[in-house]
Amino acid sequence: MKTAFILNGPNLNLLGTREPAVYGSRTLADVRALCEKACAAHGFALDFRQTNHEGILVDWIQEAGQAQASGSAVGVILNAGAYTHTSVALHDAIKGAGVSLIELHISNVHAREAFRHYSYISPAARAVMAGFGVEGYGLAVAALATF
Ligand code: CA2
């Protein structure tokens, strides 16, 4: 059984506690449960993580790339949070790891502030999803199954 890595960046541990109009009212624990169900439905093991630290995301992307190269992982779903709009390091990590990666956003970043319109992740990602709310995580798992 291959593993789906679902990696979450800064402040996503606060999901469900503030800004429900933008991000909904479900918590990160709810999102993990949703991902468990989606992965079970598609025959994947789930490795679900969150960190507030950019370098840790770099380490995890490299780890996922090695797992994919060895045949034990299918790829990554990454919600890099605000690092999406700032991080050359994450761009380089995705390219360097050679990992199949879906960039995911809960909100439609293109309908929000201009500073959220550019993504350093998108040019290195295999696919991009935004604006489906937390249900996007389940949709992204289904998309991973087509890789
Ligand atoms: O829409 C998304 O998923 C984002 O990646 C979320 C990031 C934001 O910086 C991106 O532009 C779009 C923010 C995650 C922080 O989430 C919070 C949730 C509740 C309360 C406060 C922050």
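The present account deals with the structure reproduced in this document. If you're wondering where the values come from, they're calculated on a predicted model, not measured in any experiment. (Residues numbered from 1 in each chain as written. Predicted model: local features only at pLDDT ≥ 70, side-chain atom pairs only at ≥ 80, totals over all residues. Heavy atoms only, no water.)

### Looking at the pairing of strand 1 (residues 3-8)
Here's step 1: With six of its six residues buried, strand 1 lies for the most part within the structure.
Here's step 2: Across the two faces of strand 1 the burial is the same, with Thr-3, Phe-5 and Leu-7 and Ala-4, Ile-6 and Asn-8 all buried.
Here's step 3: Two elements, strand 1 and strand 2 (residues 45-50), share six bridges in a ladder whose sense is parallel. Residue pairing across strands places Ile-6 opposite Phe-48, the latter belonging to strand 2.
Here's step 4: Relative to strand 3 (residues 73-79), strand 1 runs parallel, the two sharing six bridges. The residue of strand 3 that forms the bridge with Leu-7 is Leu-78. (Buried < 20%, exposed > 50% of the residue type's maximum accessible area, 1.4 Å probe, protein only. Helix = DSSP H or I, 4+ residues; strand = E, 2+ residues; numbered from the N terminus. Pairing = 2+ DSSP bridges.)

### Side note on helix 4 (residues 88-97)
Here's step 1: Within helix 4, burial applies to Leu-90, His-91, Ala-93 and Ile-94. Each buried residue of helix 4 lies within a common arc of 165° when the element is viewed along its axis, so the set occupies one face. In helix 4, the exposed residues that point more than 90 degrees away from the buried face are Lys-95 and Gly-96.
Here's step 2: Lining the buried residues of helix 4 we find helix 3 (54-69), strand 3 and strand 4 (101-105).
Here's step 3: One side-chain oxygen at the N-terminal end of helix 4 lies 3.4 Å from the backbone nitrogen of Ala-89; it belongs to Ser-87.
Here's step 4: Gly-98 sits one or two positions beyond helix 4 and adopts a positive phi of about 65°. (Arc of directions from axis to C-beta. Contact = heavy atoms within 4.5 Å. Polar contact = N/O pair within 3.5 Å; in protein donor to acceptor, adjacent residues only side chain to side chain.)

### Observations concerning the packing of aromatic side chains
Here's step 1: Evaluation of the coordinates by the stated rule reveals one aromatic pair.
Here's step 2: The residue whose ring lies beneath Arg-126 is Phe-147, and the NZ or CZ to ring-centre distance is 3.9 Å. (Phe/Tyr/Trp six-rings, centres within 6.5 Å; stacked < 30°, edge-to-face > 60°. Lys NZ or Arg CZ within 6 Å of the ring centre and 35° of its normal.)

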